[in-house]
Amino acid sequence: MENRVYNFSAGPSMLPLSVLQKAQAELLNCNGSGSSVMEMSHRSAPYEAIIAEAESLLRELMQIPDNYKVLFIQGGATQQFSMVPMNLKVNGKADYIVSGNFANNAAKEAAKFVDVNIVANSKPQNYAEIPAFDSKDFDPEADYVHITSNNTIFGTRYTKWPETGNVPLVADMSSNILSEPMDVSRFGLIYAGAQKNIGIAGLAVVIIREDLLARSCDKLPVLMNYNTYANNDSMYNTPPCFAIYMAKLVFEWIKEQGGVAAVYENNVKKAAILYDYLDSSSFFKATAKKEDRSLMNIPFVTPSKDLDAQFVKEAAENGFVNIKGHRLVGGMRASIYNAMPNEGIEKLVAFMRDFEARNK
């Protein structure tokens, strides 16, 4: 489509073109209802069908076991930084592995509700790697162990899950959910903000093992209690209707691609195009430790901050937008979520080769 740029934003991120076109086609008349999904009552049969289909598709794509609830919650992943400790608190202590800025924010927020033990922290390495940890470091009496599976800002990802025994493992999967197969049964709770691989901002998906719902205290605020969502099919009050509808369309698109396994295979190929160039270049440099590199977020730098700024400017002029690195890291960051087409990476690398040739 003319005038479409390649959006390398960490979020809100690029959406599949076919999803946007379907949403456009249905905007005034969704599924023959005669109204837009933005006008529907969430209590109506047409909308109940939309949210039910969204859950069914997600269960199928992630092979979510029957003893897990799927919740659609407003507030994004940041609200889950509070909801997790509020709802899972039993002994009043939790273990956190801090592998990036959002993992650190989650730990700081949890400390308002439970005693937080930082098991491992890669801040001294500027979060360029997943910190080393040992299963012996985990407290067997902790209420849960929390990790951030992919670090959006610093471009690292877990390739091996912690062994936590009987202690539930909780993961913020905001930036790599649905990008690769995940064994949901390894986790007590998974949460993810939607605006990277699920859909648009304003929604968080929570996948929680049913036995953990018994921990939620009745004295919690009603919209901060997981049982409120579990007992009311995520519709105790008006949910983020349009965001859930968009998530459904994205889930349909992933299924059409061949499911998560097929998407993962392509994600590996996409990331390799950029990493292979970065590793061969004497001008550009990837900043994350090689064995911990993310498939979704790839930060890199030139030899100087001035050249970084020049690259970002020229990239935008050539249709590669939102590629500036996070303020905590600088440089550049290419976020290449599921919806980023392979040609977007290929054209970016071609531009990088030209920029390198002109500025060495």
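The notes below deal with the structure included here. No experiment lies behind these values; they were computed from the predicted model shown. Starting afresh in each chain, residues are numbered from 1 along the sequence in its written order. This being a predicted model, a pLDDT of at least 70 is required before a residue's local features are given, and a value of 80 or more before pairs of side-chain atoms are given or counted; all residues contribute to the totals for chains, interfaces and linings. The basis for the side-chain values is all heavy atoms of the structure; hydrogens and waters are excluded.

1. Comments concerning the layout of surface pockets
Right, on to step 1. When its volume is computed, the largest pocket comes out at roughly 300 Å³.
Right, on to step 2. Cavities and pockets were defined on a 1 Å grid built over protein atoms only: a cavity is a set of grid points that admits a 1.4 Å probe from which the probe cannot escape, a pocket is an open set flanked by protein on both sides within 12 Å along at least five of seven lines, and lining residues are those with an atom within 4 Å of any such point. Lining the largest pocket are 21 residues; nearest its centre among them are Phe 102, Thr 152, Ser 174, Gln 195 and Lys 196.
Right, on to step 3. Every element with two or more residues in the lining of the largest pocket is listed here: helix H3 (76-88) and strand S6 (150-151).
Right, on to step 4. Only DSSP runs of H or I covering at least 4 residues are called helices, and only runs of E covering at least 2 are called strands; the numbering of each starts at the N terminus. No other element matches the four residues that H3 contributes to the lining of the largest pocket.
Right, on to step 5. Of the residues assigned to the lining of the largest pocket, the class counts are six nonpolar, twelve polar and three charged. Grid points are joined across faces, edges and corners, and a volume is the space filled by probe spheres set on the points. For this classification, Asp, Glu, Lys and Arg are treated as charged, while Ala, Val, Leu, Ile, Met, Phe, Trp, Tyr, Cys and Pro are nonpolar and the rest, including Gly, are polar.

2. Section: the packing of aromatic side chains
Right, on to step 1. Aromatic rings from Phe, Tyr and Trp, taking only the six-membered ring of Trp, are treated as a pair when their centres fall within 6.5 Å; an angle between ring planes under 30 degrees marks them as stacked, one over 60 as edge-to-face, and anything in between as tilted. Per the counting criterion, the structure on display carries 21 aromatic pairs.
Right, on to step 2. Centre to centre, the rings of Phe 351 and Phe 355 are 6.3 Å apart; their planes meet at 40°, and the pair counts as tilted. One end of the pair is Phe 351 and the other is Phe 355, both in helix H9 (residues 342-359) and four residues apart, which spans about a single turn. Assigned by exposure class, Phe 351 and Phe 355 land together as buried.
Right, on to step 3. Pairwise contacts between aromatic rings join Tyr 6, Phe 8, Tyr 277, Phe 283, Phe 284, Phe 300, Phe 311, Phe 320, Phe 351 and Phe 355 into one cluster. When a residue's accessible area, from a 1.4 Å probe over protein chains only, is under 20% of the maximum for its type it is buried; when over 50% it is exposed; and in between it is partly exposed.

3. Some points on the nonpolar core
Right, on to step 1. By nonpolar core we mean a set of buried residues, namely Ala, Val, Leu, Ile, Met, Phe, Trp, Tyr and Cys, connected to one another through side-chain atoms within 4.5 Å. One finds Tyr 47, Leu 178, Ile 198 and Phe 251 to be the most contacted residues of the largest nonpolar core, which totals 58 residues.
Right, on to step 2. Element by element, the count of residues in this core is highest for helix H6 (residues 241-256), at eleven residues.
Right, on to step 3. In this analysis, two residues are considered to be in contact whenever any of their non-hydrogen atoms come within 4.5 Å of each other. Non-local contacts of Phe 251, meaning those with residues more than four positions away in its chain, are made with Ala 54, Leu 57, Leu 58, Leu 61, Leu 178 and Ile 198.
Right, on to step 4. Core analysis: the next-biggest nonpolar cluster, separate from the first, contains 33 residues, Met 14, Phe 283, Ile 298 and Ala 315 among them.

4. Quick look at a nonpolar patch on the surface
Right, on to step 1. A grouping of Leu 27, Leu 28 and Met 38 is seen on the molecular surface, where their side chains present a nonpolar patch of about 340 Å² in accessible area.
Right, on to step 2. Residue placement: Leu 27 occurs in the loop between helix H1 (17-26) and helix H2 (45-62). Like charges are joined within 9 Å and nonpolar side chains (Val, Leu, Ile, Met, Phe, Trp, Tyr) within 5 Å, but only among residues with over 30% relative accessible area and no salt bridge; these make up the patches. The accessible surface values rely on the Shrake-Rupley method and a 1.4 Å probe; as for residues, cover is taken only from the protein chains in view. A carboxyl oxygen of Asp or Glu within 4 Å of a side-chain nitrogen of Lys or Arg is what we treat as a salt bridge.

5. Comments concerning the sheet that holds strand S11 (residues 285-286)
Right, on to step 1. Criterion used throughout: strands pair if DSSP finds at least two bridges between them. Spatially, three strands are ordered S11-S12-S14 in an open sheet, and the strand pairing comes out antiparallel. For this open sheet the edge positions go to S11 and strand S14 (332-335), each flanked by a neighbour on one side alone.

6. Topic: unusual backbone geometry
Right, on to step 1. Here Gly 11 and Pro 12 are connected by a cis peptide whose omega angle stands at -5°.
Right, on to step 2. Locating Pro 12 in the fold gives a position in the loop between strand S1 (6-7) and H1.
Right, on to step 3. Not every positive phi belongs to a glycine, and Tyr 127 is a case in point at roughly 55°.
Right, on to step 4. Following the sequence through the fold, Tyr 127 ends up in the loop between strand S4 (115-121) and strand S5 (145-148).
Right, on to step 5. A relative accessible area of 7% means that Tyr 127 is categorised as buried.
Right, on to step 6. Of note in the backbone geometry, Asn 322 takes a positive phi value of approximately 55° without being a glycine.

7. Some words on the sheet that holds strand S8 (residues 169-172)
Right, on to step 1. Spatially, the seven strands line up as an open sheet ordered S2-S10-S9-S8-S5-S3-S4, and their pairing is mixed. Both outer strands of the open sheet, strand S2 (68-73) and S4, are each paired with one neighbouring strand and no more. Strand-to-strand twist of the sheet, defined as the mean angle between neighbouring strand axes without regard to direction, takes the value 20°.
Right, on to step 2. Pairing of strand S9 (residues 189-193) with strand S10 (residues 204-209) involves five bridges; the strand directions are antiparallel. Paired with Ala 192 across the two strands is Val 205, which belongs to S10. Think of each axis as a best-fit line through the C-alpha atoms, taken over the contacting stretch in the case of a helix, with angles from 0 to 180 degrees between the N-to-C directions.

8. Concerning empty space enclosed by the protein
Right, on to step 1. Taken as a whole and judged by the stated rule, the model has two cavities of 30 Å³ or more.
Right, on to step 2. Reported here for the largest cavity is a volume of approximately 50 Å³.
Right, on to step 3. Lining the largest cavity, in full, are Met 14, Leu 15, Pro 16, Lys 196, Asn 197, Ile 198, Gly 199, Val 250, Trp 253, Asn 338 and Ala 339.
Right, on to step 4. Of the voids in this model, the second largest cavity is the one considered here, and its volume is about 40 Å³.
Right, on to step 5. Around the second largest cavity sit Gly 100, Asn 101, Phe 102, Ala 103, Thr 148, Asn 151, Thr 152, Ile 153 and Phe 154, which together line it.
Right, on to step 6. Here the element with the most residues in the lining of the second largest cavity is helix H4 (residues 101-110); it accounts for three residues.
Right, on to step 7. Here the residues of the lining of the second largest cavity sort into four nonpolar, five polar and no charged.

9. With respect to the state of the cysteines
Right, on to step 1. Disulfides are defined as pairs of cysteine sulfur atoms found within 2.5 Å of each other. One pass over the structure, following the stated rule, counts zero disulfides.
Right, on to step 2. The thiol of Cys 30 is not disulfide-bonded; the next cysteine sulfur, from Cys 241, is found 11 Å away.
Right, on to step 3. Looking at Cys 30, the relative accessible area reads 0%, which means it is buried.

10. A word on the packing of H2 against H6
How two helices pack is summed up by the angle between their axes together with the distance between the axes.
Right, on to step 1. Contact pair H2 / H6: the axes reach a minimum separation of 9 Å and the direction vectors enclose 40°. When the axes of H2 and H6 are compared, the pair comes out oblique. Along this stretch, H2 crosses H6, giving a crossing that reads as left-handed. Of the residues in H6, those in contact with Tyr 47, Ile 50, Ile 51, Glu 53, Ala 54, Leu 57, Leu 58, Glu 60 and Leu 61 of H2 are Cys 241, Ile 244, Tyr 245, Lys 248, Phe 251, Glu 252, Ile 254 and Lys 255. For classification purposes, an angle smaller than 35 degrees is called roughly parallel, one larger than 145 roughly antiparallel, one from 65 to 115 roughly perpendicular, and anything else oblique. Handedness of a crossing is defined here by the sense of rotation of the near helix relative to the far one, left-handed for an anticlockwise turn of less than a right angle and right-handed for a clockwise turn.

11. Quick word on the pairing of S14
Right, on to step 1. Alternating positions in S14 separate into two faces, Met 332 and Ala 334 on one and Arg 333 and Ser 335 on the other, with burial throughout.
Right, on to step 2. With four bridges connecting them, strand S12 (residues 297-301) and S14 associate as antiparallel partners. Considered in S14, the bridge of Pro 299 is made with Arg 333.

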